[in-house]
Amino acid sequence: MLLEPFFAGDGLDRADPLRADPDAIARLRDQPDARALAWYNGAPQVDEDGRLLWQAISDETPVFLGMEEGAPRFSILPDGTAPIDARAHFALLAMLDPAQAPIFAAALSLANWHRRHRFCSVCGQETLPNRGGWSRACEGCGNEHYPRVDPVVIMMAEHDGSLLLGRSHHYPPGRYSALAGFVEPGETIEAAVVREVKEEAGVEVADIRYLASQPWPFPSSLMIGAHARALSDSLTIDRSELDDARWFSREDVVGALAGDDNAAFQAPPRSAIARTLLEAWVTGLK
Ligand SMILES: [Zn+2]
């Protein structure tokens, strides 16, 4: 089964070989069809039809995002060092055209990384954008730093036809979603799934299967969707991590995805890979 989470897709041609060639990038910037992504309130700007807004190139467009049907696409680095609150952008995600979402994710994640990595982690000196914005170079020690991607496992643990879903303390009332957590250094995806479900819900799982992945640009996660078989349905919930966790039947999940008034829970929004995983599960994923 091919799963297509929001933010997944082709996006721009990243044209990697051009990044190391400043002269080539300068020529692209001078092309009449070159455009720079417009930003508003810390995120790429989206028009009424959910499409990204592009504007004329300025001198402050250090990021070469790639090529869109042969036309060069650049971005500025928006001001500000404060971390962006993902919840402030959810209204934007609700209207964003899914075909444009991969470009949105790449541009925002890259901007978030620049925003948070202005100084060298080796020597503490200031760093400057390099390689068309796909790295930062340190003027002090010469090290080059690359954008980071943080892997997060997100999993549907299943027991006897029911799914384990939980809710974080910051979720809106009634919302339940798949359990998730960061992969730690030295860990496989499978080990992270086993550990997270055990830590958060006290449930042992086995038979981990990869399902789909999703870039999540708040600030730079890669969500790795998995299915796991739970060895029991007895829960010991870590209330510091979760507000609640429960088992839901297929009927419960179908009702939640349909948005029924009397649904057992409120499903995650379409921008969340958790929703894609739930949709796959109710249509016959074992
Ligand atoms: Zn340095």
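Keep in mind it's a predicted model, so treat the numbers as computed, not measured. Every chain is numbered independently, its residues counted from 1 as its sequence is written. Whole-chain, interface and lining totals are the exception, using all residues; otherwise, since this is a predicted model, local features are given only for residues with pLDDT of at least 70 and side-chain atom pairs are given and counted only at 80 or more. To obtain the side-chain values, all non-hydrogen atoms of the structure were included, while hydrogens and water were left out.

A. Representation of helix 5 (residues 189-201) within the structure. Labels follow the DSSP assignment, with helices taken as runs of H or I lasting at least four residues and strands as runs of E lasting at least two, numbered in each case from the N terminus. Expected span of a helix, by definition, is 1.5 Å for each gap between consecutive residues, and there is one gap fewer than residues. Between its first and last C-alpha atoms helix 5 spans 18 Å; for 13 residues at 1.5 Å apiece the expected length is 18 Å, and the two agree. Every buried residue of helix 5 is listed here: Ala192, Val193, Arg195, Glu196, Val197, Glu200 and Ala201. Gly202 sits one or two residues past helix 5 and shows a positive phi near 70 degrees. The rule is simple: take the accessible area with a 1.4 Å probe, protein chains only, and divide by the maximum for that residue type; under 20% is buried, over 50% is exposed, in between is partly exposed.

B. A look at the coordination of the zinc ion. For Na, K and Ca the donor cut-off is 3.2 Å, and for all other metals it is 2.8 Å, counting N, O and S atoms only; because water is absent from this set, sites may look incomplete. Within the protein, the zinc ion binds to Cys120 (SG), Cys123 (SG), Cys138 (SG) and Cys141 (SG); these donor distances fall in the range 2.3 to 2.4 Å. Taken together, the 4 donor atoms coordinating the zinc ion and their angles of 98 to 114 degrees define a geometry best described as tetrahedral. Sequence positions of the donors to the zinc ion reduce to the motif C-x2-C-x14-C-x2-C. Remark: Cys141 occurs in the loop between strand 8 (135-138) and strand 9 (144-145) and Cys120 occurs in the loop between helix 4 (101-116) and strand 7 (127-130); sequence separation between them is 21 residues. In this scheme the shape depends on donor count and angles: four donors with every angle between 85 and 135 degrees give tetrahedral, four or six donors with opposite pairs above 155 degrees and others between 65 and 115 give square planar or octahedral in turn, and any other case is irregular.

C. A look at the environment of Ser271. Within the secondary structure, Ser271 is located in the loop between helix 6 (250-258) and helix 7 (273-282). The contact criterion used throughout is that any non-hydrogen atoms of two residues lie within 4.5 Å. Setting aside residues no more than four positions away along its own chain, Ser271 makes contact with Phe6, Phe7, Leu93, Gln214 and Trp216.

D. Spatial organisation of the packing of aromatic side chains. Centres within 6.5 Å are what make two rings of Phe, Tyr or Trp a pair, Trp counting through its six-membered ring; a difference in plane orientation under 30 degrees is then read as stacked, over 60 as edge-to-face, and the rest as tilted. Summed over all chains, the structure comprises 8 aromatic pairs. Geometrically, the ring pair formed by Phe6 and Phe7 is edge-to-face, given 5.0 Å between the ring centres and 65 degrees between the ring planes. According to the relative accessible area criterion, Phe6 is buried, its value standing at 7%. The exposure class assigned to Phe7 is buried, which follows from its relative accessible area of 1%. For the ring pair Trp216 and Phe218, a centre distance of 5.0 Å and an interplane angle of 65 degrees mean the geometry is edge-to-face. Judged by its relative accessible area of 15%, Trp216 is buried.

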